[in-house]
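Letter by letter, the chains look like this.
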Amino acid sequence: MISRIGKYTVEAELGRGGFGRVYRAFDPDVKRLVAIKVLIAESDPELLKRFQVEVGTTGNLRHKNIVTLYECGEESGVPYLVMELLEGQPLEAVIKERVALTLVEKVRIMSHVAEGLAYAHNQGVIHRDVKPANIMLLRDGSIKIMDFGIARVANKSTMVTREGFIVGTIPYMAPELFEPGGKADEQTDVFAYGTVYYELLTGKHPFSVEQDIYATIRRIQAVEPDAVCRVVPEAPEGLELLVHRAMGKDREVRYQSFPELLLDSEAVLADLQRERAAAMFAEVDRKSTRLNSSHLV
């Protein structure tokens, strides 16, 4: 393993992605740990363009729910970017390991994801690869969206993918992206978000057929997943409606934007928090009544 990248001392390899390796490293100037993504196939012009897009998009985004990019550089002709080091678990692991989370916690997580994506969209940036692996649940409970590496800056004519190539992760792609001329936009991110939400709530993917990409695509295009409440009976109707509307195959039905979705999300979260508070007060009352009764005896 390499020991140094620019001024940074490399401590460990954290993982490998579609076109980069990620290392934990130490920044001697500000005395902090950072994550460094290094491009693997630097000779591939398309991958280099995507890497440059990630620098250009993530570098301009400043939001509490989006990973912060500190700087970019080159080492022996190989480009790299330096980001904040995220200590926690990707949502993918949380779902697979069935980490115990309350319904309120799950709704709060997805509300933070929606806030981050709403901000990115407001800056003209479409993520294009919203999935559990790109959402990090940090140790302090906060949320960070990662990997804008295939993001497209809205309203720009330059594309970094060859015509005819599907870019993204198929089980989280909106049905219109499989049609000729289908383009990523705010609503395709909304669809992916709804799919992640369903998976977090139920523990199962609404469309994916393991090891069968074409069957997965057909399900995305034509099959309505089981209602959330059939799998999670305690989920309120408002939450079920939100998730299924986000996954709407008809773009007219689907949320048009994240600010619109967040209005419903805030209402659902407020109702759940009131219900939890009422249950806590009721439990305190029951304990108090039992205690008073025992004293009378």
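Our structure is the block above this text.
Computed from a predicted structure; not experimentally measured.

A.B. asks: Quick question: what am I supposed to make of the overall build of the protein here?
C.D. replies: For the protein, the helix and strand inventory stands at eight helices and 11 strands. Here the protein holds 297 residues, and the buried ones make up 47% of them. Here the contacts in the protein between residues at least 6 apart in sequence split such that 61% fall between residues at least 24 apart. Split by element, the accessible area of the protein, about 15,400 Å² in all, is 52% carbon and sulfur.

A.B. asks: How do you make sense of the sheet that holds strand 1 (residues 4-5) when you look at a structure like this?
C.D. replies: Two orientations exist for strands paired in a sheet by backbone hydrogen bonds: parallel and antiparallel. A sheet is described by the order of its strands in space; here six strands give the open sequence 1-2-3-4-6-5, paired in antiparallel fashion. Looking along the sheet, the strands with just one partner apiece sit at the ends: strand 1 and strand 5 (69-75). In the sheet, strand 2 (residues 8-16) pairs with strand 3 (residues 20-27) via six bridges, with the strands oriented antiparallel. Each residue of the ladder has a partner; that of glutamate 13, found in strand 3, is tyrosine 23.

A.B. asks: I would appreciate a short explanation of empty space enclosed by the protein in the present structure.
C.D. replies: Over the atoms, a rolled probe matching the size of one water molecule traces out where space is still vacant. All told, the structure shown has one cavity of 30 Å³ or more when counted by the stated rule. Roughly 80 Å³ of internal volume is contained in the largest cavity. Lining the largest cavity we find Arg128, Asp129, Val130, Thr169, Tyr172, Met173, Ala174, Leu177, Ala184, Thr188, Asp189 and Ala192. Of the residues assigned to the lining of the largest cavity, the class counts are seven nonpolar, two polar and three charged.

Thresholds, definitions, all that
Residues numbered from 1 in each chain as written. Predicted model: local features only at pLDDT ≥ 70, side-chain atom pairs only at ≥ 80, totals over all residues. Heavy atoms only, no water. Helix = DSSP H or I, 4+ residues; strand = E, 2+ residues; numbered from the N terminus. Buried < 20%, exposed > 50% of the residue type's maximum accessible area, 1.4 Å probe, protein only. Contact = heavy atoms within 4.5 Å. Areas by Shrake-Rupley, 256 points an atom, 1.4 Å probe, with all protein chains shown as cover. Pairing = 2+ DSSP bridges. 1 Å grid on protein atoms, 1.4 Å probe; cavity = no way out; pocket = protein on both sides within 12 Å on 5 of 7 lines; lining within 4 Å. Points joined across faces, edges and corners; volume = space filled by probe spheres on them. Nonpolar A, V, L, I, M, F, W, Y, C, P; charged D, E, K, R; others polar.

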